[in-house]
Amino acid sequence: MGPTSLDKIRTLQRNPANIRNLCILAHVDHGKTTLADCLVASNGIISSRLAGKLRYLDSREDEQVRGITMKSSAISLHYNNGDQDYLINLIDSPGHVDFSSEVSTAVRLCDGAIVVVDAVEGVCPQTQVVLRQAWLENIKPVLLINKIDRLILELKLTSLEAFTHLQKILEQVNALTGSLFTSKVLEERAEKQKEETQEWEASSEDQVYDWSAGLEEADDSHLYFSPDQGNVVFASAIDGWGFSIQQFASLHSQRMGIKEEVLLKTLWGDFYVNAKAKRIMKGAQAKGKKPLFVQLVLDNIWSLYDAVVTRRDKAKVEKVVTSLGLKVMARDLSHSDPKVLLSAICRQWLPVSEAVLLMVCKKLPSPLDMASERVEKLMSVGARRFDSLPEQTKDLKTAFLQCSSGESAPVIIFVAKMFVVETKALPQFRHRHLNQEEIAQRRELARQRHAEKMIASKTGPERDKDISPSDSAPAECQPTGLSAGIRGLEESVLKSATLSDSPVCPPFTPLNFEATPIVRVAIEPKHPSEMPKLVRGMRLLNQADPCAEVLIQETGEHVLVTAGEVHLQRCLDDLRDRFAKVEISVSKPIIPFRETVIRPPKVDMVNEDLGRQQKVAVIHQVKEEASQARLSDTLHLGPDGLVTLTTPNRQALVSVRAGPLPPEVTGLLESSSELIRTLELMNMSLREGRPMDVNPGTLEDIVKLKDQLKNLFQGRKWRNAVERIWAFGPRRYGPNILLNNIKEYSRPSVWQCLDPAGAEAAVLRDLDNSIISGFQLATLSGPMCEEPLMGVCFSIERWDMLSSANPVAPPEQRDLMEEYSNTHEVSQSTSEEMTSGSNKEEQRFDTASADCYGPVSGQLIAATKEACRHAFQAQPQRLMAAMYTCDIMATAEVLGRVYGVLGKREGRVLHEEMKEGTDMFLIKAVLPIAESFGFADEIRKRTSGLASPQLLFSHWEVISSDPYWVPTTEEEYLHFGEKADSDNQALKYMNAVRRRKGLYVEEKIVEHAEKQRTLSKNK
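Below you will find a few notes about this structure. This structure is a prediction, so every number in the text was calculated from the model and none was measured. (Residues numbered from 1 in each chain as written. Predicted model: local features only at pLDDT ≥ 70, side-chain atom pairs only at ≥ 80, totals over all residues. Heavy atoms only, no water.)

**Some points on the overall build of the protein**
Now for step 1: Within the protein one finds 33 helices and 26 strands.
Now for step 2: Within the protein, contacts between residues at least 6 apart in sequence are counted, and of these 72% link residues at least 24 apart.
Now for step 3: Roughly 55000 Å² of accessible area belongs to the protein as shown, and the carbon and sulfur atoms make up 51% of that amount. (Helix = DSSP H or I, 4+ residues; strand = E, 2+ residues; numbered from the N terminus. Contact = heavy atoms within 4.5 Å. Areas by Shrake-Rupley, 256 points an atom, 1.4 Å probe, with all protein chains shown as cover.)

Below you can see the structure in the form of structure tokens.
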């Protein structure tokens, strides 16, 4: 098929029934872009000989160099099937885990997807991710099993062994799809049971329980991939061939005299041909017969590869070409590379583009066939259900399903991604060929300009008028159900948005991103005068990349946050070459850490039971550090870790104790940060007297979070702890808790939005917010290396204002506080005149204290912060490192080298398994992000490219070693020596962070080293 004209494309756009919007999804290096090349070549855009080598949709230079796709690329293709013309809008998406955000945007824009699976590697981690993303967006997938040529040339499998291998791959994909379907059915069943329980509680009827899970009634027959359903294609995109069993069923039905419908049902499965009875029978494996798929399909392909590639039998090749009725050029027949001849034969015999495009048109839905469930899910933001939306909003669902372009139909546009396009690349400025009439017009215009210049030169200088180019013709209205580019939204849209002319249209649900931005670098221009260009470039990068984040830290640094090392390099290249166009200086990666406390260990560093000696030594050491602190005269540390601190003016006293939270609670708080932020906004509006409209689903989630916390806080220590939560931190929604253990202070609960009537009864004390602010500051930057805290509970045991029982205050200050307190009590029992006098005295006292030490609220904030920090230091401190989940596929020969690289970089192997039918091992490990830079390059070098890792942020993990550890017991002295200068990983990380932040680092430095002298003289 030759290139399709633009007018033909516009005509096809007006028929939504024949439009297919689809994307190609797969694990990295499974052949997505090669398949896209074959589809593009079918429209005559590129030569079919270059398909797989050109990688047409990898338009970036770094994509061509690295050999992987980094940006989603789109193209429109025309496909003719009989008397039907179809418009295929194709998006090629990346497979690398760092660019999974590109997959999310591509999936949102499409109605279907082609899932590509390598025939050798099978289902890989990223294959599971893209299938889950397609499932979450409710788009229909079809399957393409690619690289079948590797089964012949690399694994040397027979056709029967290959058939068994392909069956296992199909089972793996279907098992993954089945697990997604099962989880969905169970969730719906749980919601249904909850509603039924509420109805039973409201009524007095007898309860009848239904113990079924709902899986028996659910129909999942349409979900699975099966060749006989037409949603599976077997292919080798690099060799240009691919087929579905429908093609072979129609081919062999005429030759064998069997109905095509019968062949279609039996060609895939355990069926064989009984030559005597001339019937298709079941039980090929049990009777030792060749299955139909092997006999009629795979044997033909295996014999072709054997003749062309393995044996290079020219006579047999000519016989095959003649029998198939193909025309092969003489230069292909005599070419030294057998793959050239193989591709020439296969592209004519079984063109992969024909099989794939036919499957797409038959099995994937058009915009008119969008599932109603997908529309409801798009319009149900947050916890709101579609049933709870207003009626006018529900009516938009009909407009969605009709896909109408009428004038009365509402306009709804979802902006999935922002692009930065240079002006010269826009259609109106793009170079195009001129016809004869336009050439004549340009010639006449040039003559007029020349004549005007000659007249101007004779009559004297005159201001020339700008001759503007002819106005570009306005674009036609874009039909519905298509992807389009809209210009001029950079001031209104950050990354994604929903546009509509209907005020009742809700914003669509946000995109599902699998990768989390975690890798940070600080950026500055090499020339300070170019800072405005850098700021503008980073703003454009922030808009153009869905997963990149741009921050300005408190230090003034401009920080770029990306999903991984490859993603970081691409963002830096974009910033340098496209957005800012300036030379930039990039810092070393800023590794995030967290600080926490743990329970006192029961064994020492040599696994001996801790005796009383070390406990006394540790407490003595902490007391000694506290006595040398700056606030030593106002600080008191109890033997049980209770820290009592007084403000400098002795007006307030705070007692704090720190302890670790249960790991389950920390994980729940971290995953519920958005819900906790909503809870804080509701409490703030309640305190200010402003009603806040919250949907019932959010309130249900808050109640569920509260119940989960109650279940996780087990034991006498945490009794009634949920009701005593004062605040979350840092930033009021982090994974740390402030508890109220003050007996005489019953403040409103953090859950007051669930019971506003009960919250009004409790009264806040003055300066209550100062305690919270001090806690927020303490959790935002810990004492170890100024990193945020995680999984720490601070308990306020005492908070006194103007207390004469202050054990820390000196006698003269205590007398002053008692005298002031007595004066204040007397003034309350006297007349109004005496009251005004006492108020003046109080104001004068506050003014005096404010002049010397600052406002009382500020002193209380600082005191709370310091008390929390000292309480934190009184417990065993640990660093928490961010961890990657590392998935590596490697062969058995390089398995030891992979383990060596992982061990060198503090990695830990979780499990390994061998993929059936191959010599490939799938290794799952965890790796600290701090050790991950250069990991992929090193592992590829050590294994000669036979292993490639996929890194995805997983969790935070406590580093077991104590950064402040020194030997204290006799066994530790014997094992580690007096210096104990062995490598301490936690100390190395902590010192690196402190050094980067400009904090004091305690290390021994040789300033004036000199060579050792000897007594003997050189002769």
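**So, the pattern of salt bridges**
Now for step 1: Counted under the stated rule, the structure contains 37 salt bridges.
Now for step 2: Its salt-bridge partner being Arg60, residue Asp574 comes within 2.9 Å of it at the nearest N-O pair. Taken together, the residues Asp574 in helix α20 (residues 565-579) and Arg60 in the loop between α2 (32-41) and α3 (61-66) connect sequence positions 514 residues apart. Exposure class is identical for Asp574 and Arg60. Each is buried.
Now for step 3: Asp545 is the partner of Arg570 in a salt bridge, and the nearest nitrogen-oxygen pair spans 2.1 Å. With Arg570 in helix α20 and Asp545 in the loop between α19 (531-544) and β13 (549-552), the pair connects residues that are 25 residues apart, well separated along the chain. (Salt bridge = Lys/Arg side-chain N within 4 Å of Asp/Glu carboxyl O. Buried < 20%, exposed > 50% of the residue type's maximum accessible area, 1.4 Å probe, protein only.)

**Describing the sheet that holds strand β6 (residues 232-236)**
Now for step 1: Spatial ordering of the open sheet is given by β2-β3-β1-β4-β5-β6-β7, a layout of seven strands whose pairing is mixed. The outermost strands of the open sheet, each flanked by one partner alone, are β2 (73-81) and β7 (241-243). With strand direction ignored, the average angle separating the axes of adjacent strands in the sheet is 25°.
Now for step 2: By the bridge criterion, seven bridges tie strand β4 (residues 112-118) to strand β5 (residues 140-146) in an arrangement that is parallel. Bridging across to β5, Val115 finds its partner in Leu143.
Now for step 3: Across the sheet, helix α4 (residues 100-109) lies against β1 (19-26) and β3 (84-92), angled at about 155° from β1, the strand it touches most.
Now for step 4: Where helix α5 (residues 125-136) meets the sheet, its contacts fall on β1 and β4, and the angle it forms with β1 comes to roughly 150°. (Pairing = 2+ DSSP bridges. Axes fitted to C-alpha atoms, helices over the stretch in contact; angles between N-to-C directions.)

**Focus on the side chain of Lys417**
Now for step 1: Within the secondary structure, Lys417 sits in the loop between β10 (412-415) and α18 (436-459).
Now for step 2: Owing to a relative accessible area of 14%, Lys417 belongs among the buried residues under this scheme.
Now for step 3: Beyond its immediate stretch of four places on either side in the chain, Lys417 contacts Lys71, Glu102, Thr105, Lys495, Ala544 and Pro546.

**Examining the packing of aromatic side chains**
Now for step 1: What the rule picks out here adds up to 21 aromatic pairs.
Now for step 2: Ring geometry for Trp241 and Tyr305: centres 6.5 Å apart, planes at 70°, overall edge-to-face. Within this pair, whereas Trp241 is found in strand β7, its partner Tyr305 is found in helix α11 (residues 292-310), the two being separated by 64 residues in sequence. When sorted by exposure, Trp241 lands in the same class as Tyr305, which is buried. (Phe/Tyr/Trp six-rings, centres within 6.5 Å; stacked < 30°, edge-to-face > 60°.)

**Observations regarding the pairing of β6**
Now for step 1: A large share of β6 lies buried, amounting to five of its five residues.
Now for step 2: Residues Val232, Phe234 and Ser236 point to one face of β6 and Val233 and Ala235 to the other, with burial holding for every one of them.
Now for step 3: Sheet analysis places β5 next to β6, joined by three bridges and oriented parallel. In the strand pairing of β6, Leu143 is matched with Val232.

**Overview of the nonpolar core**
Now for step 1: Formed by 57 residues in total, the largest nonpolar core has its most connected members in Leu143, Phe234, Phe243, Phe293, Val297, Ile301 and Ile345.
Now for step 2: Considering every element that reaches this core, the biggest residue donor is α11, with 13 residues.
Now for step 3: Ignoring sequence-local partners within four residues, the contact set of Ile345 consists of Leu304, Val308, Val317, Val321, Leu326 and Val328. (Core = buried A, V, L, I, M, F, W, Y, C linked by side-chain atoms within 4.5 Å.)

**With respect to helix α29 (residues 856-873)**
Now for step 1: The terminal C-alpha atoms of α29, which comprises 18 residues, lie 26 Å apart, in line with the 26 Å expected from a rise of 1.5 Å per residue.
Now for step 2: Taken residue by residue, α29 has Val856, Gln859, Leu860, Ala863, Thr864, Ala867, Cys868, Arg869, His870, Ala871 and Phe872 as its buried positions. (Expected span 1.5 Å × (residues − 1).)

**Re unusual backbone geometry**
Now for step 1: Residues Gly729 and Pro730 are joined by a peptide bond in cis, for which omega reads 0°.
Now for step 2: The topology assignment puts Pro730 in the loop between β20 (725-729) and β21 (736-740).
Now for step 3: Positive phi outside glycine occurs at Asn720, with the angle close to 60°.
Now for step 4: Tracing the backbone shows Asn720 in the loop between α24 (696-712) and β20.
Now for step 5: Phi is positive for Arg732, close to 70°, though the residue is something other than glycine.

**Comments concerning the sheet that holds strand β22 (residues 792-801)**
Now for step 1: Taken in spatial order, the six strands line up as β17-β18-β19-β22-β21-β20 in an open sheet, and their pairing is mixed. For this open sheet the edge positions go to β17 (635-637) and β20, each flanked by a neighbour on one side alone. Direction aside, the axes of adjacent strands within the sheet are offset by 20° on average.
Now for step 2: Here β17 pairs with strand β18 (residues 643-646) via three bridges, running antiparallel. Bridge pairing in β18 places Leu635 opposite Leu645.
Now for step 3: Along the sheet, α29 makes contact with β17, β18, β19 (652-660) and β22, crossing β19 at roughly 30°.

**With respect to the pairing of β5**
Now for step 1: Across the seven residues that make up β5, a large majority, five, are buried.
Now for step 2: Crossover connection from β4 via α5 to parallel β5: handedness right-handed. (Right-handed = clockwise from strand over helix to strand, strands pointing away.)

**Points about the packing of helix α8 (residues 245-256) against α11**
Now for step 1: It is the contact of α8 with α11, at a shortest axis distance of 11 Å, that shows an interaxial angle of 110°. The pairing of α8 with α11 is recorded here as roughly perpendicular in orientation. The crossing of α8 and α11 is right-handed. Contacts between α8 and α11 involve Ile245, Phe248, His252, Arg255 and Met256 from the first element and Phe293, Leu296, Val297 and Asn300 from the second. (Parallel < 35°, antiparallel > 145°, perpendicular 65-115°, else oblique. Left-handed = near helix turned anticlockwise from the far one by under 90°.)

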